[in-house]
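What follows is each chain in one-letter form.
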Amino acid sequence: MARSAANPSVFPATLPRMAHVDLLRGLLVVFVILLHANLRIPFGPPALAQSLGPRLTGILFRSGYYAVIVFFVVSGYLITSASIRRWGRLSQVRPAAFYRLRAARILPSLLLLLAVLSVLHLAGSAWFALDTDKVSLWRALLAALGLHLNWLEAQVGYLPGPWGVLWSLSVEEAFYLGFPLLCVLMRNERRLGLLLLVPIALGPFARSVFSDNELWQDHSYLSGMDGIAFGCLAALLAHRMPRLPSVAVQRLVLIAGVVLSVGVFCFRKEVFHLGLTRFGLQVTLLEMGVALLLVATQWRPWTWCESAAAAPLRWFGRHSYEVYLSHMFVVIPAAWLYLQADASPAWIPLWFVAVVAASGLLGQAVARCFSDPCNRALRAPGGFGALKSFRLLRRRG
């Protein structure tokens, strides 16, 4: 979808959804929920956990970090693809409009989360209050809004519950602060593509040798920005091919994507023994594999992603941002309730199902009742201007 020729300031507020991307995002956010649930109530009963085996157990319940890494790739792909569909060429991106659209999507849920966490901290919540010996409330708020909560956690250690998930938002939004400016300054998508190779080249070093702080190795800007850059390059490749490649090439790209992404995601012990993990290259290969999969599905969409069987994951994917920000408000109280009930380990699988379902419902409720209406209002003509005028009127009153 392109801008109106008569009025270049007009651009579509929303774009058609991509079923395969919604499905992938839904799967990823479920992996994040399962990780955080398993950290509090290990999956059981023991006989069932043993029957799954260490490989499947690792995939299901210890894939949260890899899921966030894949989220970075998907994010870069979506933002670049959306920018191409809105403005035609990346050199024509309008930074002010880009920031407006991004803020409309990100800020409402983030500000709501920070407001709730601030109230809970001031109320002395045992589950969500910050340890003031490590960090004050104002410092955590500054880090979240100033896009450096990842750096703050590397200095003071993990923050509680929903605070901690914001590290990835710091990485992602720091990238998007510069992205539209680079699109305009480069003036050429080929030059932009070459520039995106820089974070890709630096990513493995950031995860291995630039720091000996293990938390910073995983959560630093360069440790995640290479995934976003891979996604951007995937969108450029998928949209800028003058014509579809041959079926053989499409299959080769698909197979390479499956081998790399599934190989790293599912065969972690083997990847470790190859020495890739030591140098952070396993993440690079995972990002590359997902980028290739996104290109392949752009060339030849997977119709099965639109099937009824895939609908639950697509449902999660449509609200994955809200689910990601809010799921700890389900996981932590649910773990407390389970422990208080002193339930049999036989109930643990049902507890996991309930936690995942409740997290999805909470995320949908936040989206439907708050973030989606705010998003539409802020994207409408004069949206942010209307808010500014409203604030001025209140001050004068």
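Residues numbered from 1 in each chain as written. Predicted model: local features only at pLDDT ≥ 70, side-chain atom pairs only at ≥ 80, totals over all residues. Heavy atoms only, no water.

> Any chance you could explain the overall build of the chain here in plain terms?
When its secondary structure is counted, the chain shows 19 helices and zero strands. Taking the principal axes of the C-alpha coordinates as reference, the chain spans close to 70 × 65 × 45 Å. A separation of at least 24 residues holds for 78% of the contacts in the chain among residues at least 6 apart in sequence. When the accessible surface of the chain is totalled, it reaches about 19200 Å², and 67% of it is carbon and sulfur. Between the averaged position of the 36 positive side-chain charges in the chain and that of its 17 negative side-chain charges there is a distance of 13 Å. (Helix = DSSP H or I, 4+ residues; strand = E, 2+ residues; numbered from the N terminus. Contact = heavy atoms within 4.5 Å. Areas by Shrake-Rupley, 256 points an atom, 1.4 Å probe, with all protein chains shown as cover. Lys, Arg positive; Asp, Glu negative; His and termini not counted. Charge placed at Lys NZ, Arg CZ, Asp CG, Glu CD.)

> Help me understand the pattern of salt bridges, please; the structure alone is not making it clear to me.
A pair can form between side chains of opposite charge whenever their charged atoms are brought close. One pass over the structure, following the stated rule, counts eight salt bridges. Close ionic contact of Glu-322 with Arg-105 constitutes a salt bridge, the shortest N to O distance being 2.8 Å. With a gap of 217 residues between them, Glu-322 in helix 16 (residues 320-326) and Arg-105 in helix 4 (residues 95-122) connect regions that are remote in the sequence. Classification of Glu-322 as buried rests on a relative accessible area of 1%. Between Arg-240 and Glu-189 there is a salt bridge, and its shortest N-O distance comes to 2.8 Å. Separated by 51 residues along the polypeptide, Arg-240 in helix 11 (residues 221-240) and Glu-189 in helix 9 (residues 189-206) bring together distant segments of the chain. Relative accessible area serves as the criterion here: at 11%, Glu-189 is assigned to the buried category. (Salt bridge = Lys/Arg side-chain N within 4 Å of Asp/Glu carboxyl O. Buried < 20%, exposed > 50% of the residue type's maximum accessible area, 1.4 Å probe, protein only.)

> I keep staring at a nonpolar patch on the surface and nothing clicks. Help me out?
Residues Leu-107, Leu-111 and Leu-145 make up a contiguous nonpolar surface patch of about 260 Å² in total accessible area. Among the structural elements, Leu-107 can be located in helix 4. Residue class for Leu-107 comes out partly exposed when judged on its relative accessible area of 34%. (Patch = residues over 30% accessible without salt bridge, like charges linked within 9 Å, V, L, I, M, F, W, Y side chains within 5 Å.)

> Teacher, can you tell me more about the environment of Ala-358 here?
Among the structural elements, Ala-358 can be located in helix 18 (residues 348-379). Taking the C-alpha atoms as reference points, Ala-358 and Ala-334, separated by 24 residues in sequence, lie 9.7 Å from one another.

> Help me understand unusual backbone geometry, please; the structure alone is not making it clear to me.
With an omega of 0 degrees, the peptide bond running from Gly-44 to Pro-45 counts as cis. Structurally, Pro-45 is set in the loop between helix 1 (19-40) and helix 2 (46-61). In the Ramachandran plot, Leu-147 falls in the positive-phi region, its phi being about 60 degrees despite a non-glycine side chain. Its place among the elements puts Leu-147 in the loop between helix 5 (137-145) and helix 6 (149-156). Classification of Leu-147 as buried rests on a relative accessible area of 17%. Positioned with a positive phi, Asp-342 is a non-glycine residue whose angle comes to about 50 degrees. Considering the arrangement of structural elements, one finds Asp-342 in the loop between helix 17 (328-341) and helix 18. You can call Asp-342 exposed: its relative accessible area is 68%.

> What's the story with the state of the cysteines in this structure? I'm lost.
A disulfide bridge is the covalent bond that connects two cysteines by way of their sulfur atoms. Inspection of the entire model under this criterion finds zero disulfides. There is no disulfide at Cys-183, and the cysteine sulfur nearest it, in Cys-232, is 7.7 Å away. Judged by relative accessible area, which is 2%, Cys-183 ranks as buried. Cys-305 supplies the cysteine sulfur nearest to Cys-266, a cysteine that is in no disulfide, at a spacing of 17 Å. (Disulfide = S-S within 2.5 Å.)

> Would you mind showing me how to read the nonpolar core here?
Core analysis: the biggest nonpolar cluster contains 99 residues, and Trp-163, Leu-166 and Trp-351 have the highest contact counts within it. In terms of residues, this core owes the most to one element, helix 3 (residues 64-87), which gives 14 residues. Once residues lying within four places of it in the same chain are set aside, the contact partners of Trp-163 are Leu-114, Leu-117, Phe-128, Leu-130, Leu-137, Ala-140, Leu-141 and Leu-149. (Core = buried A, V, L, I, M, F, W, Y, C linked by side-chain atoms within 4.5 Å.)

> What should I look at first to understand the side chain of Ser-168 in this one?
By the element assignment, Ser-168 lies in helix 8 (residues 167-186). In terms of polar contacts, Ser-168 uses its side chain to reach the backbone carbonyl oxygen of Val-165, at 3.3 Å. Discounting residues that sit within four places of it in the chain, Ser-168 has contacts with Val-68, Phe-72 and Tyr-324. (Polar contact = N/O pair within 3.5 Å; in protein donor to acceptor, adjacent residues only side chain to side chain.)

> Hey, could you run me through the packing of aromatic side chains in this one?
In this description, an aromatic ring pair is defined by two values, namely the gap between the centres and the angle between the planes. Within this structure, the stated rule accounts for 23 aromatic pairs. Here Phe-98 and Phe-179 contribute two aromatic rings whose centre-to-centre distance is 5.9 Å and whose plane-to-plane angle is 45 degrees, an arrangement assigned as tilted. Of this pair, Phe-98 sits in helix 4 while Phe-179 sits in helix 8, and the two are 81 residues apart along the sequence. We note that Phe-98, like Phe-179, is buried. Among the aromatic residues, those joined into a ring-pair cluster are Phe-43, Phe-61, Tyr-338, Trp-351 and Phe-352. The ring of Phe-265 carries Arg-268 above its face, with NZ or CZ at 5.2 Å from the centroid. (Phe/Tyr/Trp six-rings, centres within 6.5 Å; stacked < 30°, edge-to-face > 60°. Lys NZ or Arg CZ within 6 Å of the ring centre and 35° of its normal.)

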